Amino acid sequence: MSSTQTEQTSSRLKREDWLKHALESLRREGVSGLRVEPLARSLGVTTGSFYWHFKDRQDLLDSLLDHWTEKMTRAVARRMTSEEEPEEQLRLLVEEVAVEEWSRYEIAIRNWATFDSHARRSTRKVDECRLGYVTGLFLQLGFDQDDAEMRARTLLFCNLGEAAFSIRESSDKRLETARRQLAILTADCI
């Protein structure tokens with residue numbers, strides 16, 4: 001790539017592009033793989049592009065956690081404003097999670113949280129947001145508080161467990177599994 005092409009690529013590269021790329025790198029390599037030069041090289045730009053968007057590596061790490069947290073909580077917030085009935089909201093949620101593979105970053109983020117307080121706070125915030133929303137939907141379906149929370153936890157733990165499972169399945173298979181899990185968890189009310 002010529003220096004002119006690199007400059008053009010670098011000028012078009014946005015902070016969001018760096019964050020998306022860093023999130024994928026985190027998923028593949030863990031937090032130790034988030035180093036400035038290798039990230040820039042894999043994007044085909046100079047480190048100057050990185051420093052245009054981030055003060056330093058720590059700024060990238062903090063921004064990445066904030067980006068993931070905001071992305072995960074925004075998805076829940078979007079669902080919370082939905083006008084659909086609770087069972088439809090649950091169905092749409094499990095289908096979106098299965099198809100979009102939201103959980104693909106969970107293992108890397110949670111591994112990071114074992115030794116980093118910011119990552120731990122981020123996962124806690126996302127977990128509380130998810131649990132509150134899904135518990136609320138089960139409450140709306142008529143389950144008492146204890147059953148609603150148990151069902152919400154079960155649904156969320158299934159998704160986290162699927163992320164840790166080493167067998168990769170097709171989107172159709174993930175969708176079928178998610179629908180069956182939901183059918184089991186809502187069997188007593190629908």
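As the structure is a computational prediction, the values presented were derived from the model and not from experiment.

Draft legend 1. Layout of helix α10 (residues 171-185). When the terminal C-alpha atoms of α10 are compared, their 21 Å separation across 15 residues agrees well with the 21 Å that a helix rising 1.5 Å per residue should span. Looking at the buried side of α10, the elements it contacts are α6 (86-100), α8 (117-140) and α9 (145-164).

Draft legend 2. Layout of the nonpolar core. Trp-18, Leu-26, Leu-34, Leu-64, Ile-109 and Trp-112 are the most contacted members of the largest nonpolar core, which totals 27 residues. Among the secondary structure elements, those contributing two or more residues to this core are α2 (15-29), α3 (36-43), α5 (57-80), α7 (106-113) and α8. Sorting elements by how many residues they give to this core places α5 first, with six residues. The residues contacting Leu-34, other than those within four sequence positions of it, are Ala-22, Ser-25, Leu-26, Leu-39, Arg-57, Leu-61 and Leu-64.

Draft legend 3. Focus on the pattern of salt bridges. The full count for this structure, using the stated rule, is ten salt bridges. Residue Glu-88 is joined to Arg-91 by a salt bridge in which the shortest nitrogen-to-oxygen separation is 2.5 Å. Placement of both Glu-88 and Arg-91 in helix α6 is noted, with a separation of three residues, approximately one turn of the helix. The salt bridge partner of Arg-91 is Glu-95, with a shortest N-O separation of 2.6 Å. Within this pair, Arg-91 and its partner Glu-95 are both found in helix α6, separated by four residues, close to a single helical turn. By relative accessible area, which is 30% here, Arg-91 ends up partly exposed.

Draft legend 4. Quick look at the side chain of Thr-73. Residue placement: Thr-73 occurs in helix α5. If we ignore the near neighbours within four places in the chain, the residues touching Thr-73 are Val-126 and Cys-129.

Draft legend 5. The arrangement of the layout of surface pockets in detail. Its volume calculated, the largest pocket comes out at about 360 Å³. Around the largest pocket, the lining is made up of 21 residues, and of these Asp-127, Arg-130, Leu-131, Leu-156 and Leu-160 lie nearest the centre. Elements supplying a minimum of two residues to the lining of the largest pocket: α6, α7, α8 and α9. The leading source of residues in the lining of the largest pocket is α8, at seven residues. Residues that form the lining of the largest pocket fall into these classes: twelve nonpolar, two polar and seven charged.

Criteria and cut-off values
- Residues numbered from 1 in each chain as written.
- Predicted model: local features only at pLDDT ≥ 70, side-chain atom pairs only at ≥ 80, totals over all residues.
- Heavy atoms only, no water.
- Helix = DSSP H or I, 4+ residues; strand = E, 2+ residues; numbered from the N terminus.
- Expected span 1.5 Å × (residues − 1).
- Contact = heavy atoms within 4.5 Å.
- Core = buried A, V, L, I, M, F, W, Y, C linked by side-chain atoms within 4.5 Å.
- Buried < 20%, exposed > 50% of the residue type's maximum accessible area, 1.4 Å probe, protein only.
- Salt bridge = Lys/Arg side-chain N within 4 Å of Asp/Glu carboxyl O.
- 1 Å grid on protein atoms, 1.4 Å probe; cavity = no way out; pocket = protein on both sides within 12 Å on 5 of 7 lines; lining within 4 Å.
- Points joined across faces, edges and corners; volume = space filled by probe spheres on them.
- Nonpolar A, V, L, I, M, F, W, Y, C, P; charged D, E, K, R; others polar.

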